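# Geometric and topological summary
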Amino acid sequence: MRQQLTVLHRMLSCQQEAWTMLKGMTRLISRVHKLDPGRLLHTGTQAPQNLTAQLDDQVSSERPRAISRTSENDPAKHELRHEGQHYNIPLPDVKAVFPQGLPPRYVKQVKTFNEACLMVRKPALELLQHLKNTNFAHPAVRYVLYGEKGTGKTLSLCHIIHFCAKQDWLVLHIPDAHLWVKNCRELLQSTYNKQRFDQPLEASIWLKNFKTANERFLSQIKTQEKYVWNKRESTEQGSPLGEVVEQGMTRVRSATDAVGIVLKELKRQSSLGTFRLLVAVDGVNALWGRTTLKKEDKSPIAPEELALIYNLRKVVRNDWNGGAIVLTLSQTGSLFKPRKAYLPQELLGKEGFDALDPFIPILVSNYNPKEFESCLQYYLENSWLQHEKAHTEEGKRELLFLSNSNPGQLERLCACL
């Protein structure tokens, strides 16, 4: 009798599991049909006629198909005729110019393809033209790249950084300012100002990457002041700026102060004309708003109470000349902001917007048809996209629909196919 009850119990359990799986599959199928009835790559059902006609128009407008690559790999020579094409960045340049700051999924592509290619896009071309026509005797102009999530703001910024590095600019790059206002591994009271807090680990990591990207400048630029680190150690006036960087790297407790000194010296000396300075901050909206960090009494720490943020706010002011300031607004990692917010007023808030005003806004939007076709060809060439229907017009229309031409969504879709 006991064995019969056990068998009956197992049968009931199996029936319950099967019913749960069936309900889950039903919900999944209903979601697919809500998204786009019958338009997944492995189905043959046709979409509504008006949508099909719209997609046909977009795809057919690109015949003959765009060439996915350009042989012009010097960003200084990129023009409108190169729009939508990929150019190659030598891997040694990637290591030297971008020791940090490339998006993780892009880094994965670089490792997989064994090459680093960036698409030449209109926002970057517009910004390049502005930089080429800059009067460096005037205060630094601020440019703000903004757009919806996944449209390619960070990679457009990387295009500009590569241009400036090839033109022998000194690049002051903050790859993700949001990392400085949340999940800090170590927070110490500042030795310079008791009202602020140091972030020695974040500061030392930044100094290491700054040195990698700008080592050739660190022996040429001399400090204009004497800096005392403690009773035994100091950096004399006229010393190479590299000594300040080394001090912050070897004495981690001094790293935050070293970053502040580097920013101050570069900002002050850029007007002398011995070097051009690019200040590039990804996710500049992190400089205003709120943090996740707490004091010992559990009260929140304001961004301006963090010494790194305090000094970074000063360097994005346009009260210096001899360079340019290129910033991006980022939803990724943004704290306490709506997911769909992307406009400058939404992400910066009143305080941040007023602090950056005036600036030149540059919208980074989804792919246009030419860019979409070029991206698909690039993925096909590198076998990033392997689905049997990817080469067909029907498959391309489905990818266009599912991604809405969003670069980030398209990359994720293709990686799964």
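Everything in this summary refers to the structure shown in the same document. Every value quoted in this text rests on a predicted model; they were computed, and no experiment measured them. (Residues numbered from 1 in each chain as written. Predicted model: local features only at pLDDT ≥ 70, side-chain atom pairs only at ≥ 80, totals over all residues. Heavy atoms only, no water.)

### Re the packing of aromatic side chains
This structure, assessed with the given rule, holds seven aromatic pairs. An angle of 15° between the planes, with centres 4.9 Å apart, marks the rings of Trp206 and Phe210 as stacked. Of this pair, Trp206 and Phe210 both sit in helix 7 (residues 200-218), four residues apart, roughly one helical turn. Here a set of aromatic residues connected by ring pairs shows up, and it is made of Phe113, Tyr378, Tyr379 and Trp384. One residue, Arg196, lies across the ring of Tyr310, its end atom 3.6 Å from the ring centre. (Phe/Tyr/Trp six-rings, centres within 6.5 Å; stacked < 30°, edge-to-face > 60°. Helix = DSSP H or I, 4+ residues; strand = E, 2+ residues; numbered from the N terminus. Lys NZ or Arg CZ within 6 Å of the ring centre and 35° of its normal.)

### Observations regarding the nonpolar core
Membership of the largest hydrophobic core comes to 56 residues, with the highest contact counts inside it found for Trp206, Val262, Leu266, Val281, Val284 and Val316. Looking at this core, the element that brings in the most residues is helix 9 (residues 255-269), giving seven residues. The residues touching Val316, leaving out its near neighbours within four places in the chain, are Arg142, Val279, Val281, Leu287, Trp288, Ile325, Leu327 and Leu356. Within the second largest apolar cluster, 34 residues are counted, among which are Ile89, Phe136, Ile160 and Ile362. (Core = buried A, V, L, I, M, F, W, Y, C linked by side-chain atoms within 4.5 Å. Buried < 20%, exposed > 50% of the residue type's maximum accessible area, 1.4 Å probe, protein only. Contact = heavy atoms within 4.5 Å.)

### Observations regarding the layout of surface pockets
Each pocket or cavity is described by its volume, and for the second largest pocket that value is around 560 Å³. When residues of the lining of the second largest pocket are assigned to their parent elements, the largest contribution, eight residues, is made by helix 9. Along the lines of polarity and charge, the residues of the lining of the second largest pocket split into nine nonpolar, seven polar and seven charged. (1 Å grid on protein atoms, 1.4 Å probe; cavity = no way out; pocket = protein on both sides within 12 Å on 5 of 7 lines; lining within 4 Å. Points joined across faces, edges and corners; volume = space filled by probe spheres on them. Nonpolar A, V, L, I, M, F, W, Y, C, P; charged D, E, K, R; others polar.)

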